[in-house]
Amino acid sequence: MLQELNSAAKNCGLQMNAAKTKIMSNCNDVTDVDLDNNSKIKVVNEYVYLGQRISFDKNSQRAEISRRIQLGWTAFGKLSDVFNSKFPQYLKTQVFDQCVLPTLTYASETWSLNEGIMECLRIAQRKMERKMLGIRLQDRKTNEWIRQKTKVIDIAERVARQKWKWAGHLMRVDDNRWTKKTTEWRPRTTKRNPGRPRTRWKDDIQKLAGTQWMSLTTDRREWRQIGEAYVRRWTE
């Protein structure tokens, strides 16, 4: 497949970038591929694709969340002059909501949500809020007091809204794109590996909206109403 892609690219006057092209597979017998231009496409276990870490590892999502938080702190640090300044708090809040929060929640539409993930994100956001206000844990200010001062968008609310909105959009498309096909896909066998199964992307949606949740997306008004309950489920 790679050789065919390389040949087709050459016919169009293009050349594959071996440094940016990698091979990932859930099979163990896959090896590196040598192209005819003396470049090699390497097999890797993980890869950052379109800004998101992709891997077959069972803990890949945890690793991606940790990476998101680290990148969020990087964005926060680059704006430390703003957050540590004497600017009014509402300006700092706008900067946080528009620059730091999108970094923390990038591609959150694809996450399989659970309480552990949400708590990690909340902890990171609360630390950033304390930094903005110039207070420490020893000051014993409640989370409610801090949020009343900062008035930033709650990260759990943003993540939940983004995922619910994406789920509705995904099910309403009618052009047979792969994102919808993979969401609707069912394995040929119902047999699963022993042990507790991992949380799937749709599990938290299906738990609230039922097994027929896909058909509910056609009614946008009803879908938005159910979405408010979904957001409260993660924020209350």
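Look a little higher up for the structure.
Position numbers for residues start from 1 in each chain and track the written sequence from start to end. Totals for whole chains, interfaces and linings use all residues, but because this is a predicted model, local features are given only for residues with pLDDT of at least 70 and pairs of side-chain atoms are given and counted only at 80 or more. Only hydrogens and water are removed before side-chain values are computed, so all heavy atoms of the structure are retained for them.

**Quick word on the packing of helix α5 (residues 115–133) against helix α7 (residues 155–172)**
Move 1: Angles here are taken between N-to-C directions and fall from 0 to 180 degrees, while the axes themselves are lines fitted to C-alpha atoms, restricted in helices to the stretch in contact. By the criteria applied, helices consist of DSSP H or I runs no shorter than four residues and strands consist of E runs no shorter than two, each listed in order from the N terminus. Orientation of α5 relative to α7, taken along the N-to-C sense of each, is 135°, at an axis distance of 9 Å. Between α5 and α7, the angle is such that the two are oblique. Here α5 contributes M118, L121, R122 and Q125 to the contact with α7, which in turn contributes I155, A156 and V159.
Move 2: Note on residue classes: Ala, Val, Leu, Ile, Met, Phe, Trp, Tyr, Cys and Pro are nonpolar, Asp, Glu, Lys and Arg are charged, and everything else, Gly too, is polar. Residue composition of the contact of α5 with α7, by class: five nonpolar, one polar and one charged. Note on angle classes: values under 35 degrees are labelled roughly parallel, values over 145 roughly antiparallel, values of 65 to 115 roughly perpendicular, and the remainder oblique. The contact criterion used is simple: two residues touch if any of their non-hydrogen atoms lie within 4.5 Å.

**A closer look at the packing of aromatic side chains**
Move 1: Stacked, tilted and edge-to-face pairs are distinguished by plane angle, under 30 degrees for stacked and over 60 for edge-to-face with tilted covering the rest, among Phe, Tyr and Trp rings (Trp via its six-membered ring) whose centres lie within 6.5 Å. This structure, assessed with the given rule, holds six aromatic pairs.
Move 2: Grouping aromatic residues by their ring pairs yields a cluster made of W164, W201, W213, W223 and Y230.
Move 3: Over the face of the ring belonging to W145 we find K141, whose NZ or CZ atom lies 4.6 Å from the ring centre.
Move 4: When the NZ atom of lysine or the CZ atom of arginine is within 6 Å of a ring's centre and also within 35 degrees of its normal, the charge is said to sit over that ring. The ring of W178 carries K181 above its face, with NZ or CZ at 5.1 Å from the centroid.

**Focus on the packing of helix α2 (residues 60–78) against α5**
Move 1: Interaxial distance between α2 and α5 falls to 11 Å at its minimum, and their mutual angle equals 10°. Classified by the angle their axes make, α2 and α5 are roughly parallel. Together, Q61, R62, I65, I69, G72, W73 and F76 of α2 and G116, I117, C120, L121, A124, K127, M128, K131 and M132 of α5 make up the contact between the two elements.
Move 2: Residues belonging to the contact of α2 with α5 are distributed by class as follows: ten nonpolar, three polar and three charged.

**Focus on the pattern of salt bridges**
Move 1: Counted as salt bridges are all cases of a side-chain nitrogen of Lys or Arg within 4 Å of a carboxyl oxygen of Asp or Glu. Scanning the entire structure with this criterion turns up 13 salt bridges.
Move 2: The residue E64 makes a salt bridge to R67 at a minimum N-O spacing of 3.4 Å. In this pair, E64 and R67 both sit in helix α2, three residues apart, roughly one turn of the helix.
Move 3: Between K163 and D204 there is a salt bridge whose closest N-O contact spans 3.0 Å. Note that K163 is positioned in helix α7 and D204 in helix α9 (residues 203–209), a separation of 41 residues in sequence. One exposure class covers both K163 and D204, and it is buried.
Move 4: One network of salt bridges, in which partners are shared, links E64, R67 and R68. Classification of residues uses two cut-offs on accessible area relative to the type maximum, computed with a 1.4 Å probe and protein chains only: under 20% is buried, over 50% is exposed, and between them is partly exposed.

**A few points about the nonpolar core**
Move 1: In this description, a nonpolar core means a group of buried Ala, Val, Leu, Ile, Met, Phe, Trp, Tyr and Cys residues linked to one another through side-chain atoms lying within 4.5 Å. F96, L121, I205 and W213 are the most contacted members of the largest nonpolar core, which has 34 residues in total.
Move 2: Looking at this core, the elements that each hand over two or more residues are α2, α4 (89–104), α5, α7, α9 and α11 (220–235).
Move 3: Top contributing element to this core by residue count: α7, with eight residues.
Move 4: When near neighbours in sequence (up to four residues on either side) are disregarded, I205 contacts K163, W164, A167, G210, W213, W223 and Y230.
Move 5: By size, the runner-up hydrophobic cluster in this structure holds five residues, among which are A18, I23, L35 and I41.

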